Amino acid sequence: MRLDGKRAVITGGSSGIGFEAAKLFIEQSARIALIARDRARLDSAVASLGTGVIGVAADISRPDALKLAITDIHNQLGGIDILFANAGVSETPPIAETSEQAFDDFMSINVKGTIFTLIHALPFLRDGASVILTGSVAARKGRPGDPLYAASKGAIRSFGRTLAMDGDVLARRIRVNVLTPGATATPLTREATGNPEVRAYIAEMVPMGRWGEACEIAQAALFLASDASSYITGSEITVDGGLAHV
Ligand SMILES: NC(=O)c1ccc[n+]([C@@H]2O[C@H](COP(=O)([O-])OP(=O)(O)OC[C@H]3O[C@@H](n4cnc5c(N)ncnc54)[C@H](OP(=O)(O)O)[C@@H]3O)[C@@H](O)[C@H]2O)c1
């Protein structure tokens, strides 16, 4: 699944699933640009990925800053063939204690930020580009105690399917798919994986009996990014050890 000559933008590329995808895309000869907020972590990710990787610090929940970041990346790369809109967060307050501010802060990243990533990148996407949105198995199964997170990923799942059928997107042969991870060991889930009881409890819920690794999710991102998936759009690829089925 080579990506020769392709140029990829990965939001949330400084950590976890996005970082593993960046490594794989580079191995397959893509040029890469990463977006994340924390400058130090971004610089360290860029340095570890080797030469030619672009890192632009921006908060996807701020559409103006995001637009500048994407425009800057477009100018440096000279076009975008792959957009992996992957950045997201999972900390939500208990629903009964959710203030309007907390709701807005959370949804501004997972929903508004992801959708504005698309809005600002769409003009720069080359014909035949691949867009990958990171969803979650929580959108299908729900996540007990965390309805806001599940709802945010439900919005992304629906947005992706619908955007894929947009007339302009189809005319430009742009494919849009949702990549749906299950329980995956990354910094996002460090609290759960760091607690042996919680880690084992979640592993037992998964039919395959274990957590996923970020590199396993990244393999599906590579497939969706590459021409190997050239006839797939408006679809969802679930990488969850079977969790969605129980
Ligand atoms: N891990 C799982 O079990 C799991 C399961 C289902 C879905 N997912 C989804 O997979 C995606 C990646 O998660 P991960 O597990 O790889 O988490 P992670 O290791 O915490 O990585 C998240 C990345 O997103 C960036 N990010 C977060 N908020 C941002 C913002 N406002 N603006 C720009 N960048 C931002 C982070 O960098 P900064 O903090 O520096 O900004 C980081 O690079 C998320 O959408 C998550 O919801 C994860």
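Read on for an overview of the structure. (Residues numbered from 1 in each chain as written. Predicted model: local features only at pLDDT ≥ 70, side-chain atom pairs only at ≥ 80, totals over all residues. Heavy atoms only, no water.)

1. Some details on the overall build of the protein chain
Stated formally: By the criteria applied, helices consist of DSSP H or I runs no shorter than four residues and strands consist of E runs no shorter than two, each listed in order from the N terminus. The atom set for the radius of gyration is the C-alpha atoms, and the globule formula is 2.2 Å times the number of residues raised to the power 0.38. Think of it in three bands: with a 1.4 Å probe and only protein chains considered, a residue is buried below 20% of the maximum accessible area for its type, exposed above 50%, and partly exposed in between. Residues count as neighbours in contact if any of their non-hydrogen atoms are within 4.5 Å of one another.
Within the protein chain one finds 10 helices and nine strands. At 17 Å, the protein chain has a C-alpha radius of gyration in line with the 18 Å of a compact globule built from 246 residues. The principal-axis extent of the C-alpha atoms belonging to the protein chain is close to 45 × 40 × 40 Å. Per-residue burial for the protein chain yields a buried fraction of 51% across its 246 residues. Restricting to contacts in the protein chain with at least 6 residues of sequence separation, those with at least 24 account for 71%.

2. Overview of the nonpolar core
Quick reminder of the rule: Put simply, buried Ala, Val, Leu, Ile, Met, Phe, Trp, Tyr and Cys residues joined by side-chain atoms within 4.5 Å make one nonpolar core.
Counting residues in each nonpolar core, the largest one holds 41 residues, and the members touching the most others are I35, I73, L125, V131, L133, I174 and V176. Among the secondary structure elements, those contributing two or more residues to this core are β2 (31-36), β3 (54-57), α3 (63-77), β4 (80-85), α4 (100-121), β5 (125-134), α6 (147-164) and β6 (175-181). A total of seven residues in this core trace back to one element, the largest contributor, which is α4. Excluding its chain neighbours within four sequence positions, the residues that come into contact with L133 are A85, T114, L118, I156, F159, G160, V176, N177, V178 and L179. By size, the runner-up hydrophobic cluster in this structure holds 30 residues, among which are L3, I10, F25 and I217.

3. Focus: the pairing of β4
The cut-off we apply is this: Two strands are counted as paired when DSSP detects at least two bridges linking them. Handedness is read with the strands pointing away from the viewer; a crossover is right-handed when the path from the first strand over the helix to the second is clockwise.
In terms of burial, β4 is a largely internal element, six of the six residues being buried. When strand β1 (residues 7-11) meets β4, the two strands line up parallel, connected through three bridges. The residue of β4 that forms the bridge with A8 is I82. Alignment of β4 against β5, held across five bridges, turns out to be parallel. Of the residues in β5, the one forming a bridge with L83 is V131. Taking the sense of rotation as the criterion, the β-α-β connection linking β4, α4 and β5 turns out right-handed.

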